[in-house]
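The residues making up each chain are set out below.
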Amino acid sequence: MEFLVTTADYVDFILNAGKKIAGEKDYISSLDAATGDGDHWVNINMRFEALAGMEATLRGMGFSALFKKIGLTMMSRIGGSSGILYGGAYQAAGKILPEGSGIPLTDLYQAMDAMLTDMMKRGHAQPGFKTMIDALYPAVAAFRESLDKHEEPLVLLKNLKQAALSGAEKTRGMEAVKGRASYQKDKGVGHLDPGAVTMAWQIECLSETLAAKAGNYEKPMRGGERKNG
Ligand code: ADP
Ligand code: MG
């Protein structure tokens, strides 16, 4: 039997990511102050607060509706190009996800790949431009590789997280091509991109939220019965 991701898991991830981001105001604001206009934490935190306030509604939704709703919510919170990029990406993924409330990891991969494609197109950005794409792109590639190798969910989730975090770390040495850092004389070299850091944290939270469940899941599997999922 296959490991299924449920909308309840995804809403748990949204709440966990919101908590992580809420606690990092000074750090993220200082990163964006160095390379941008300093508002990235305010923008992203506002969006996660709005989503947390809608928890009951979100929990009752199937995947397609859930992603569309997250997208609309993120897009309607004023401030920052990141809102438009996340909003568009969630809506694009909502269009390809099924209506149901349980999906295999292959569907989650398709959703993340659709988000990446939409973000790159909407923002005219490629990997290496020193943006949040530099965390998402390697994560999606690692996801693909793990699926191709038929790796266990826990291994796959760990690879996903590590690829995102190391991708974000690499933005330190990059010259910005898109976004506000590209207007600076030094193109932000020497500084992490704030959007890449918050993207990597979200992927880390997603991975850890799902891994907590995959850990429980793999034990009953060995006994030949399934207790959750
Ligand atoms: P703004 O730059 O409009 O103030 P935010 O501060 O909310 O928006 O977000 C900044 C982050 O958005 C950047 O750190 C970068 O990761 C991401 N970003 C900006 N422009 C683009 C783009 N064209 N493509 C992808 N990501 C981008
Ligand atoms: Mg900003």
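Each remark here, short or long, concerns the structure printed above.
My aim in this report is to walk through the structure given alongside it, one point at a time. Predicted model only: the values in this text are computed from it and were never measured. (Residues numbered from 1 in each chain as written. Chains lettered and ligands numbered in written order. Predicted model: local features only at pLDDT ≥ 70, side-chain atom pairs only at ≥ 80, totals over all residues. Heavy atoms only, no water.)

1. Some points on the overall build of the protein
- On a plain count of helices and strands, the protein comes out with ten helices and two strands.
- Listed by position from the N terminus, the elements making up the protein come as β-α-α-α-α-α-α-β-α-α-α-α.
- The C-alpha atoms of the protein give 17 Å as radius of gyration, which agrees with the globular expectation for 229 residues (17 Å, within 12%).
- Based on the C-alpha atoms only, the size of the protein along its principal axes is roughly 60 × 35 × 30 Å.
- At a minimum sequence separation of 6, the contacts of the protein that also span at least 24 residues come to 71%.
- Within the structure as shown, the protein displays about 10,400 Å² of accessible surface, and the carbon and sulfur contribution to it stands at 53%. (Helix = DSSP H or I, 4+ residues; strand = E, 2+ residues; numbered from the N terminus. Rg over C-alpha atoms; globule rule 2.2 N^0.38 Å. Contact = heavy atoms within 4.5 Å. Areas by Shrake-Rupley, 256 points an atom, 1.4 Å probe, with all protein chains shown as cover.)

2. Focus on the site of ligand 1
- In the vicinity of ligand 1, 21 residues are found, and the nearest of them are Asn-43, Ser-81, Ser-82, Gly-123 and Asp-193.
- Between ligand 1 and Met-132, the relevant distance is 2.9 Å, taken from an oxygen atom to a main-chain nitrogen or oxygen of the residue.
- Contact between ligand 1 and Asp-193: an oxygen atom at 2.6 Å from a side-chain N or O atom of the residue.
- Computed on the free molecule, ligand 1 has an accessible area of 560 Å², of which 93% lies beneath the protein chains in the complex.
- Where the shell around ligand 1 is concerned, the elements lending two or more residues are α3 (40-53), α6 (81-96) and α10 (194-222).
- Here the residues of the shell around ligand 1 are counted per class, giving six nonpolar, nine polar and six charged. (Near = heavy atom within 4 Å. Polar contact = N/O pair within 3.5 Å; in protein donor to acceptor, adjacent residues only side chain to side chain. Nonpolar A, V, L, I, M, F, W, Y, C, P; charged D, E, K, R; others polar.)

3. Re the environment of Ala-164
- Locating Ala-164 in the fold gives a position in helix α9 (residues 153-170).
- Residue classification places Ala-164 among the buried positions, given a relative accessible area of 0%.
- When the C-alpha positions of Ala-164 and Lys-68 are compared, they lie 24 Å apart, and in sequence the two are 96 residues distant.
- Setting aside chain neighbours within four positions, we find Ala-164 in contact with Ala-135, Ala-139, Ala-200 and Ile-203. (Buried < 20%, exposed > 50% of the residue type's maximum accessible area, 1.4 Å probe, protein only.)

4. Here we look at the coordination of the magnesium ion (ligand 2)
- Distances from the magnesium ion (ligand 2) to its protein donors, Asp-32 (OD), Asp-37 (OD) and Asp-39 (OD), fall at 2.0 to 2.5 Å.
- Of note, the magnesium ion (ligand 2) draws all its donor residues from one chain, in the sequence arrangement D-x4-D-x1-D.
- The exposure class assigned to Asp-39 is partly exposed, which follows from its relative accessible area of 23%. (Donors = N, O, S within 2.8 Å, 3.2 Å for Na, K, Ca; no water.)

5. Focus on helix α7 (residues 105-122)
- The end-to-end C-alpha separation of α7 is 25 Å, in line with the 26 Å expected for 18 residues at 1.5 Å each.
- Buried within α7 are the following residues: Leu-105, Leu-108, Tyr-109, Ala-111, Met-112, Ala-114, Met-115, Leu-116, Asp-118, Met-119 and Met-120.
- Just past α7, the residue His-124 takes up positive phi, approximately 50 degrees. (Expected span 1.5 Å × (residues − 1).)

6. Points about the environment of Ala-89
- Summarising the element assignment, Ala-89 is placed in helix α6.
- Sequence-wise, Ala-89 and Leu-210 are 121 residues apart; in three dimensions their C-alpha atoms are separated by 21 Å.

7. Side note on the pattern of salt bridges
- One pass over the full model with this rule turns up ten salt bridges.
- Lys-213 is the partner of Asp-9 in a salt bridge, and the nearest nitrogen-oxygen pair spans 3.0 Å. Of the two residues, Asp-9 is situated in helix α1 (residues 7-22) and Lys-213 in helix α10; the sequence distance between them amounts to 204 residues.
- Owing to a relative accessible area of 11%, Asp-9 belongs among the buried residues under this scheme.
- Judged by relative accessible area, which is 12%, Lys-213 ranks as buried.
- Salt-bridge contacts for Arg-59 lead to Asp-12; the nearest nitrogen and oxygen are separated by 2.7 Å. Here the residue Arg-59 occupies a position in helix α4 (residues 55-59), and Asp-12 occupies one in helix α1, the gap between them amounting to 47 residues.
- For Asp-12, a relative accessible area of 29% translates into the label partly exposed.
- Taken together, the shared-partner salt bridges connect Asp-12, Glu-55 and Arg-59 into one network. (Salt bridge = Lys/Arg side-chain N within 4 Å of Asp/Glu carboxyl O.)

8. Remarks on the side chain of Thr-171
- Here Thr-171 shows up in the loop between α9 and α10.
- On the accessibility criterion, Thr-171 (0% relative accessible area) is buried.
- Setting aside anything within four residues of it in sequence, one finds Thr-171 in contact with Lys-130, Thr-131, Asp-134, His-191, Leu-192, Asp-193 and Ala-196.

Read these as spatial facts, not as claims about activity.
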